[in-house]
Structures are given as structure tokens and as C-alpha cells.
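One letter stands for each residue in the lines below.
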Amino acid sequence: MDYEGLLQEAYSSGLKVKEFYTPGFKGRIKGNRIAIMKDIPTLKEKSCILAEELGHYYTSYGDIMDQSKTDNRKQEYRARLWSYDRQVGLIGIINAYNVGCQSIYDMADYLDVTEEFLNDAINCYRSKYGNYICIDMYAILFEPNLAVIKML
């Protein structure tokens, strides 16, 4: 989903999103307020950051800044996974394959996310599903490289 769509989702959920200078963070959420770093250059990158902050809103509770705590790391993982599923998803990978995307750059462009976000999503899916996953009539291979195979 693009930045404007995510903003609408945030507003519909009663959240306030503002662009501020947030030293050390590209995005932060506290209560019903989300701050996005003001000088992020592209809407594509802003949408990836906003998706993660929405993931925190939907999946996290309390202050999870201290990542030395196991529960906080688990909440961080859930929020990121939520954002990856929202912005990329296994079906998104299959759709990118079906429209002819041949590279990570093409796929990121098609999905309207940054290449870094897409690579992080793929690595997360690899950790969650292993070397491959079958969904509908497709196999998504994560090793040795990302590949989608249509099964007969």
C-alpha cells in the first residue's frame, strides 16, 4: 500500500501521523501518535516506515525500546512481520512474478517498497518458512535465491 493509503488507514484507526525530526529514529509511535522522520527523501521509504509503525500499533504494547529483553524483541519481530505482510506478502511476491518482475529492483518497484525493505521481508520469510513455501499453485523458493515456480 502506498504512503497515502497507509496514512488513511492510520487516521481511520484514530492515529495522528506527523513528520518531525526524530533523532536516531526514522519512525516512532507513542500512544496514538506516530512520528515519521521529516527528511526521508521518498514516499516509498516513508510508506515502509509507516507500515512498521502501524505494525507496532496493531501488535505491540508498552515500551519496547530495550531490545535486550526477549519479550521486546518478539514484539519488534511481530511488528516487522506485520509490515512485511502488509507491504509485500507471499501473494505480492507471486503477483510480481506473474507480471514479469525479473529482479529485486523490479519487484520492489512493483510492490512500491524499497529494495532494503523487500530484502528484509524475504529474509524474514526465509526465517519463518525455511527454504521454500507452497501457496496456491506456486512454490516460493528462498534458497539459494528468491524464485517463484508455478506448479502444474
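Values in this document were obtained by computation on a predicted structure and should not be read as measured data. (Residues numbered from 1 in each chain as written. Predicted model: local features only at pLDDT ≥ 70, side-chain atom pairs only at ≥ 80, totals over all residues. Heavy atoms only, no water.)

Engineer: Would you take a moment to explain the overall build of the protein for this structure?
Structural biologist: Scanning the protein from N- to C-terminus turns up six helices and six strands. Walking the protein from its N terminus toward its C terminus, one meets helices and strands in the order α-β-β-β-α-α-α-α-α-β-β-β. Against the 2.2 N^0.38 benchmark of 15 Å for 152 residues, the protein shows a C-alpha radius of gyration of 16 Å, consistent with a compact globule. Over its C-alpha atoms, taken along the principal directions, the protein stretches across nearly 50 × 35 × 25 Å. For the protein, with 152 residues in total, the buried portion stands at 39%. (Helix = DSSP H or I, 4+ residues; strand = E, 2+ residues; numbered from the N terminus. Rg over C-alpha atoms; globule rule 2.2 N^0.38 Å. Buried < 20%, exposed > 50% of the residue type's maximum accessible area, 1.4 Å probe, protein only.)

Engineer: Before we go on, may I ask you to explain helix 1 (residues 3–12) in this structure?
Structural biologist: Because an α-helix packs 3.6 residues into every turn, residues spaced three or four apart end up facing the same way. Within helix 1, burial applies to Tyr3, Leu6, Leu7, Glu9 and Ala10. For helix 1, the buried positions fall inside an angular range of 160° around the axis, keeping them on one side. Elements in contact with the buried residues of helix 1: strand 1 (16–20), strand 3 (33–37), helix 2 (43–59) and helix 3 (70–87). Phi for Gly14, located one or two positions after helix 1, is positive at around 85°. (Arc of directions from axis to C-beta. Contact = heavy atoms within 4.5 Å.)

Engineer: Can you help me understand unusual backbone geometry in this one?
Structural biologist: Peptide bonds are, in most cases, trans, and in most cases residues other than glycine have a negative phi. That bond from Glu143 to Pro144 is cis: its omega, -5°, falls within 30 degrees of zero. Structurally, the position occupied by Pro144 is in the loop between strand 5 (138–141) and strand 6 (147–150). Of note, the phi angle at Asp136 is positive, near 50°, even though the residue is not glycine. Along the chain, the position of Asp136 falls in the loop between strand 4 (132–135) and strand 5. Taking relative accessible area as the criterion, Asp136 reaches 62% and is therefore assigned exposed.

Engineer: In this structure, what is going on with the packing of aromatic side chains? I would like to understand it.
Structural biologist: For any pair of aromatic rings, the description rests on two quantities: the centre-to-centre distance and the angle between the ring planes. Taken as a whole and judged by the stated rule, the model has five aromatic pairs. On the basis of an interplanar angle of 70° and a centroid distance of 5.1 Å, the ring pair of Tyr84 and Phe117 is categorised as edge-to-face. A residue pair is termed long-range when its members are at least 10 positions apart, and Tyr84 in helix 3 and Phe117 in helix 6 (residues 115–129) qualify at 33 residues. The exposure classification of Tyr84 matches that of Phe117, with both residues buried. Three or more aromatic residues joined by ring pairs make a cluster, and in this case those are Tyr57, Tyr58 and Trp82. (Phe/Tyr/Trp six-rings, centres within 6.5 Å; stacked < 30°, edge-to-face > 60°.)

Geometric descriptors of this kind do not, in isolation, establish any biological role.
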